[in-house]
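Here is how the chains run, residue by residue.
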Amino acid sequence: MNDKVREFRSGTFKESDYAPTAFFLAFIAGAVLIAISKSWQWPIGIVVAIPIIVITGYGVASYFLPRLAIREDQLGDNIYYLGFLLTLVSLTITLIQYRSDSDNDYIISNFGVALAATIWGILCRSLLAQMRKDVVGIERELQKTL
């Protein structure tokens, strides 16, 4: 009897799985850009556009680039979570920058800016969920045709 123990090699992992790296890089890029835009007090329109552009860029890249391809439902979840993470980053930076002598309008407007990322993430996730194929329905149709 030849009992071979399977050797552990790093090559056993999928070497071309770039999807988690793309998600992490999109998060880091969005967080850094949000931090810069808030600390340099860029116009509100640009601050709102940053997470939307980052989320959209991640979604488009993951949808169309074969190396980043993941299931549509998983992509929708990733987009939602990316939007939520960027919202939390924005809110955290707003609370760090808030001082007792700050105007209340400052914190309210920055909370609105932060929520834009979550709204966009939920909208994109919902659109991807609508595009999702009904696997059970397809299987039933195929069984009927057989």
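The following paragraphs examine the structure supplied in this document. In this text the structure is predicted, and so the values were computed from the model without any measurement.

**Some points on the overall build of the protein**
Part 1 of the argument: From N to C terminus, the protein includes 5 helices and 0 strands.
Part 2 of the argument: Put simply, the protein runs from its N terminus to its C terminus through helices and strands in the order α-α-α-α-α.
Part 3 of the argument: For the protein, the accessible area works out to roughly 10,400 Å², and carbon and sulfur atoms hold 63% of it.

**Some points on the packing of aromatic side chains**
Centre distance and the angle of the planes are the two values used to describe a pair of aromatic rings.
Part 1 of the argument: The final tally for this structure, using the stated rule, is 5 aromatic pairs.
Part 2 of the argument: Ring plane angle 75° and centroid distance 5.8 Å describe the contact between phenylalanine 23 and tyrosine 58, whose orientation is recorded as edge-to-face. Separated by 35 residues along the polypeptide, phenylalanine 23 in helix α1 (residues 19-39) and tyrosine 58 in helix α2 (residues 44-64) bring together distant segments of the chain. Grouping residues by exposure puts phenylalanine 23 and tyrosine 58 together as buried.
Part 3 of the argument: On the numbers, 6.4 Å between centres and 10° between planes, the contact of tyrosine 80 with phenylalanine 84 is stacked.

**Some words on the nonpolar core**
Part 1 of the argument: One finds Ile34, Ile55, Tyr58, Ile79, Leu82, Leu86 and Val89 to be the most contacted residues of the largest nonpolar core, which totals 20 residues.
Part 2 of the argument: Secondary-structure elements contributing two or more residues to this core are α1, α2, α3 (72-97) and α4 (104-131).
Part 3 of the argument: For isoleucine 55, the contacting residues outside a window of four places in its chain are Ile79, Leu82, Gly83, Leu86, Ala117 and Trp120.

**Looking at the side chain of asparagine 110**
Part 1 of the argument: Counting through the fold element by element, asparagine 110 comes out in helix α4.
Part 2 of the argument: A distance of 2.8 Å separates a polar atom in the side chain of asparagine 110 from a polar atom in the side chain of lysine 38.
Part 3 of the argument: Among residues more than four places away in sequence, those in contact with asparagine 110 are Lys38, Ser90 and Thr94.

So, how was this worked out
Residues numbered from 1 in each chain as written. Predicted model: local features only at pLDDT ≥ 70, side-chain atom pairs only at ≥ 80, totals over all residues. Heavy atoms only, no water. Helix = DSSP H or I, 4+ residues; strand = E, 2+ residues; numbered from the N terminus. Areas by Shrake-Rupley, 256 points an atom, 1.4 Å probe, with all protein chains shown as cover. Phe/Tyr/Trp six-rings, centres within 6.5 Å; stacked < 30°, edge-to-face > 60°. Buried < 20%, exposed > 50% of the residue type's maximum accessible area, 1.4 Å probe, protein only. Core = buried A, V, L, I, M, F, W, Y, C linked by side-chain atoms within 4.5 Å. Contact = heavy atoms within 4.5 Å. Polar contact = N/O pair within 3.5 Å; in protein donor to acceptor, adjacent residues only side chain to side chain.

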